[in-house]
Amino acid sequence: MGRYVIRRLLQMIPVFIGATLLIFLMVNVMGDPIAGLCGDRQCDPATAAQLRTEFGLDKPLWQQYLTYLGNIFTGDFGTAFNGQPVTELMKSAFPVTIRLTIVAILFEIIIGITLGVITGLRRGRPVDTGVLLLTLVVISVPTFVTGLLLQLLLGVEWGWIKPSVSPEATFGELIVPGLVLASVSLAYVTRLTRTSIAENRRSDYVRTAVAKGLPRRRVTIRHLLRNSLIPVVTFIGTDIGALMGGAIVTERIFNIHGVGYQLYQGIVRQSTQTVVGFVTVLVLVFLVANLLVDLLYAVLDPRIRYA
Amino acid sequence: MRGATHARWAACAVVVALAATACGGGGSDSGGGDGSGTVSSSWGDPQNPLEPANTNEVQGGKVLDMIFRGLKRYNAKTGAAEDMLADTIETTDSQNFTITIKSGWKFSNGETVTAQSFVDAWNYGASLKNNQKNAYFFGYIDGYDKVHPESGSQSADTLSGLKVTGTNTFTVKLNQKFSTFPDTLGYAAYSPLPKAFFDDHAAWVQKPVGNGPYTISSYTKGSQMSLVKWDDYSGDDKAKNGGVDLKVYTDNNTAYNDLLAGNLDLVDDVPAAQLKNAKSDLSGRYINTPAGIIQTLAFPFYDKKWNTSGAKKVRQGLSMAINRQQITDTIFQKTRTPASDWTSPVLGEKGGFQKGLCGDSCDYNPSQAKKLVQEGGGLPGGQVKISYNADTGSHKEWVDAVCNSINNALGNNKACVGNPIGTFADFRNQIGQHKMPGPFRAGWQMDYPLIQNFLQPLYYTNASSNDGQWTNKDFDNLVNQANAETDTGKAVKLFQQAEGVVRDNMAAIPLWYQNGSAGYSDKVSNVALNQFSVPVYNEITVN
């Protein structure tokens, strides 16, 4: 187990380098960011040159990249164009997005898995058909439609919630945005759980458990659900990264100043440091989440062993 | 049925949670009509650090307008430059100015505003090593080329044209005659700065200190700035409310929804999609007033094809092929006004705005348009490509409409196409490298309400924003004469003559004047936008 973890951690290094290099190249292809800094007029050449030196944009790309990598190891992610260190942006953005992600994941786990179990156990019944139809609707409607609709109805028309989230972004305020963010994944979790449960219901160990006379609840939760969770856990694990990086739409709609918002600003203003910094951290989140998922397999199904 | 109970439980949890957030909300405070109430307003994240000479966009400008007062201030209604801190600004030759400031003004940290506060601030703003994006504002002052050379390093730290001659007086020597120079001094870049700015710059930028009617009580970058009324403010335009909370919105649609839901008092940028409903949604609390912004189509005069003798007729033809009225009515919901000159109505007739100066060339006339384009030798390269940045400002819609209009008029549906460029930075980049394949979007937001500001930076040979590299000796001469003219009325006349040269050559096609739009809640009144489409915050009262 220990060796497996170490091997996996070592594998992260090339992925990390490759990912940052790619992003670095992509942002640089977009052209000279200084040109857009002076608004609808040309920056005067002297100031532009000075700014370029300040942000290290006058050096060749490979040198910029190496300096960047070197700085990262000392925890220096550079400075965004508005003069704020990127680490400061991260400090304000990540807690908010993490809270939003937690809310979304909780929705996926609680509602998604519950619905999945219910429908999996009652295949073909009206509940099953109803939920399936519902998930189909949720999957096919884009997030921004759900988001804007909920904002308009709950926020403006009925006044149940505030249409926007305050800078503090407490858990309470994030419930609706979290639900919107989770909605599509939630539908997938439901469907995955349903299929998995329905499949495993006929397996030997469930029959044995039932034959032993175990209570129905125990059979469902300890035997059936635990073994059916492997694909679901894989999905939710990869979804953590996707939710954090992909919250741009939801964050924009509900005015949440999280990672998505900072990334959006970074891209629009072509702030290389901001974009590369945030994406780097997101890549790490992806990698760690995937590692955790792999380790969870062994917990869920003791037949899986790591050498 | 156990399943059903589960589902019901989950649904209940959601409802409870929703109710909880609703209870937790509703924090919009109003202190009543005694002037202690706080106004909450939408805001965008400023692009640059907040320093007077480094702020070149509206969002940062809003804050500077609240916490700073300069020598002059532009009247929110008439646009006239009126003395604020300036007691007198005297000149005999339009080149050497003696400026006396009123005594008794203070910064909110207790420091006195002196002539030195101005001179230090201007020297800082001009100095190349400080990377100030508005440094060019000081370009008229003698010694600028030493402090801010076009390349290489600076050979002086201070402008030789600035001299402090007393606690409250200083002199300015310009490197050319510039009669309307005093009227430019209302721009935020000319604000005075306290010693605290130079002593601890990092701390100052975290929480700027100025001499205006408000002070900053807290500033969380990227999310909110709270400003409170400064009771010891020296000017007579004291704040009529207790303070202003500027809230950063990621999307103006969200801000608008917050306004409708009663969580926000003021939105100064009504989203385009809502313009249709804004009037009825807000039952009259919707403002749509002209701002000092004009949109034009500029041409790449560095491209030989556009610089032929016949191309002038082609440009005029294109101008006549654009149905401005229809586009402003349908696409912009009347938040733009068809342009008939190259300035802006906010200048007023006295300031140099002349309705209809463009004449027939700006009237929609498809048959004449077709004729002119043919006479001029046809479209260069057989097709015009209108370049714009596709990332912000929904430019695609109107560019497509302009192209449609041109195509219809010329009877050729390939005559005009839009040429979207991914990001604003790349758009600016290609303009800077002179790579434009045809006409391109050129918006101009004035720095100060002067006709000079609508002409000189845009059309003077090698001027800072002359992106199309248009050059004309007559125009340059007239501008020089106007700048040398001490009588303002005569100067304006000369600028209008210069504008006539722009018209005769159709140096750029004027499209429309842009309005500022705002909406406000029933909790506030006296809301107005100034010529820069920034709300006049200190005048707002809380009901």
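Computed from a predicted model, the values in this text were never measured in an experiment. (Residues numbered from 1 in each chain as written. Chains lettered and ligands numbered in written order. Predicted model: local features only at pLDDT ≥ 70, side-chain atom pairs only at ≥ 80, totals over all residues. Heavy atoms only, no water.)

As a further point, take the interface of chain A and chain B. How big an interface is tends to be stated in terms of the accessible area lost upon association of its parts. Listed by partner, the interface residues are 56 residues for chain A and 59 residues for chain B. Taken together, the two surfaces of chain A and chain B that pack against each other cover about 5000 Å², and 54% of this comes from carbon and sulfur. For the chain A face of the interface with chain B, the top three residues by lost area are Asp40, Arg41 and Gln42 of chain A, together amounting to 14%. Across the salt bridge formed by Arg252 of chain A and Asp251 of chain B, the nearest N and O atoms sit 3.7 Å from each other. Linking chain A to chain B there are 11 residue pairs in polar contact (both at pLDDT 80 or more). (Contact = heavy atoms within 4.5 Å. Buried area = accessible area lost by both parts, 1.4 Å probe. Salt bridge = Lys/Arg side-chain N within 4 Å of Asp/Glu carboxyl O. Polar contact = N/O pair within 3.5 Å; in protein donor to acceptor, adjacent residues only side chain to side chain.)

Bringing the side chain of Asp258 of chain B into the picture now. For Asp258 of chain B, the location among the structural elements is in helix α8 (residues 252-260). Despite being buried, Asp258 of chain B has no salt bridge partner; Lys247 of chain B is the closest side chain of opposite charge, sitting 6.3 Å away. Aside from chain neighbours lying at most four places away, what touches Asp258 of chain B is Pro163 and Ser164 of chain A together with Tyr249, Asn263 and Leu264 of chain B. (Helix = DSSP H or I, 4+ residues; strand = E, 2+ residues; numbered from the N terminus. Buried < 20%, exposed > 50% of the residue type's maximum accessible area, 1.4 Å probe, protein only. Lys, Arg positive; Asp, Glu negative; His and termini not counted.)

Residues and elements named next belong to chain B. Taken as a whole and judged by the stated rule, the model has 17 salt bridges over all chains. Close ionic contact of Asp83 with Lys72 constitutes a salt bridge, the shortest N to O distance being 3.1 Å. Note that Asp83 is positioned in strand β3 (residues 81-83) and Lys72 in strand β2 (residues 72-74), a separation of 11 residues in sequence. Where Asp265 meets Lys523, a salt bridge forms, and the shortest distance between an N and an O atom there is 3.8 Å. Highlighted residues: Asp265 in the loop between α8 and β11 (266-267) and Lys523 in the loop between β17 (508-520) and β18 (524-525), separated in sequence by 258 residues. Owing to a relative accessible area of 2%, Asp265 belongs among the buried residues under this scheme. Through salt bridges with shared partners, a single ionic network connects Asp65, Arg69, Arg73 and Asp237.

Further remarks concern the environment of Ala491 of chain B. All names here are of chain B. Take Ala491: it is sitting in helix α18 (residues 488-505). Sequence separation between Ala491 and Val479 is 12 residues; the distance between their C-alpha atoms is 8.8 Å. Residues contacting Ala491, with those up to four places away along its chain left out, are Ser179, Ala482 and Glu485.

What follows concerns the confidence of the model for chain B. Reading fine detail from the predicted coordinates is not recommended where pLDDT is low. All names here are of chain B. With 94% of its residues at a pLDDT of at least 70, chain B reaches an overall mean of 87. Averaged pLDDT values over the elements of chain B bottom out at 42 in helix α1 (residues 2-24) and peak at 95 in strand β7 (residues 169-173). Every residue in residues 1-31 scores below 50 in pLDDT, and together they form 30 contacts with partners more than four places removed in sequence or on other chains. Model confidence for the complex: the whole-complex pTM is 0.83, and ipTM, which rates the interface, is 0.83. (pLDDT = per-residue confidence, 0-100.)

Here the focus is a positive patch on the surface. Taken together, the side chains of Arg123, Arg125, Arg201, Arg202 and Arg216 of chain A present a region of like positive charge at the surface. Its location among the elements puts Arg216 of chain A in helix α9 (residues 216-245). (Patch = residues over 30% accessible without salt bridge, like charges linked within 9 Å, V, L, I, M, F, W, Y side chains within 5 Å. Areas by Shrake-Rupley, 256 points an atom, 1.4 Å probe, with all protein chains shown as cover. Charge placed at Lys NZ, Arg CZ, Asp CG, Glu CD.)

So, about the packing of aromatic side chains. Residue and element names in this part refer to chain B. With the rule as written, the count across this model stands at 37 aromatic pairs over all chains. With a centroid separation of 5.9 Å and an interplanar angle of 50°, the aromatic rings of Tyr74 and Phe532 are classed as tilted. Taken together, the residues Tyr74 in strand β2 and Phe532 in the loop between β18 and β19 (541-542) connect sequence positions 458 residues apart. For the pair Tyr74 and Phe532, one class covers both residues: buried. Over the face of the ring belonging to Phe299 we find Arg315, whose NZ or CZ atom lies 5.9 Å from the ring centre. The ring centre of Phe332 lies 4.1 Å from the NZ or CZ of Arg336, which sits over that ring. (Phe/Tyr/Trp six-rings, centres within 6.5 Å; stacked < 30°, edge-to-face > 60°. Lys NZ or Arg CZ within 6 Å of the ring centre and 35° of its normal.)

What follows deals with the state of the cysteines. All names here are of chain B. Applying the stated criterion to the full structure yields two disulfides over all chains. The disulfide that involves Cys358 links it to Cys362, with 1.9 Å between the sulfurs. Between Cys358 and Cys362 the disulfide shows an S-S torsion of about 75°. By sign, it is right-handed. Both residues of the pair, Cys358 and Cys362, belong to the buried class. Here Cys403 connects covalently by a disulfide to Cys416, the sulfurs 2.0 Å from one another. Given an S-S torsion of about -50°, the disulfide between Cys403 and Cys416 has left-handed geometry. Remark: Cys416 occurs in strand β15 (residues 416-421) and Cys403 occurs in helix α14 (residues 395-410); sequence separation between them is 13 residues. Considered together, Cys403 and Cys416 belong to a single accessibility category, that of buried residues. (Disulfide = S-S within 2.5 Å.)

The next point concerns unusual backbone geometry. Residue and element names in this part refer to chain B. With phi around 35°, Ser283 is a residue other than glycine that occupies positive phi space. Of note in the backbone geometry, Ser533 takes a positive phi value of approximately 60° without being a glycine. Following the sequence through the fold, Ser533 ends up in the loop between β18 and β19. Exposure remark for Ser533: the relative accessible area of 14% places this residue in the buried category.

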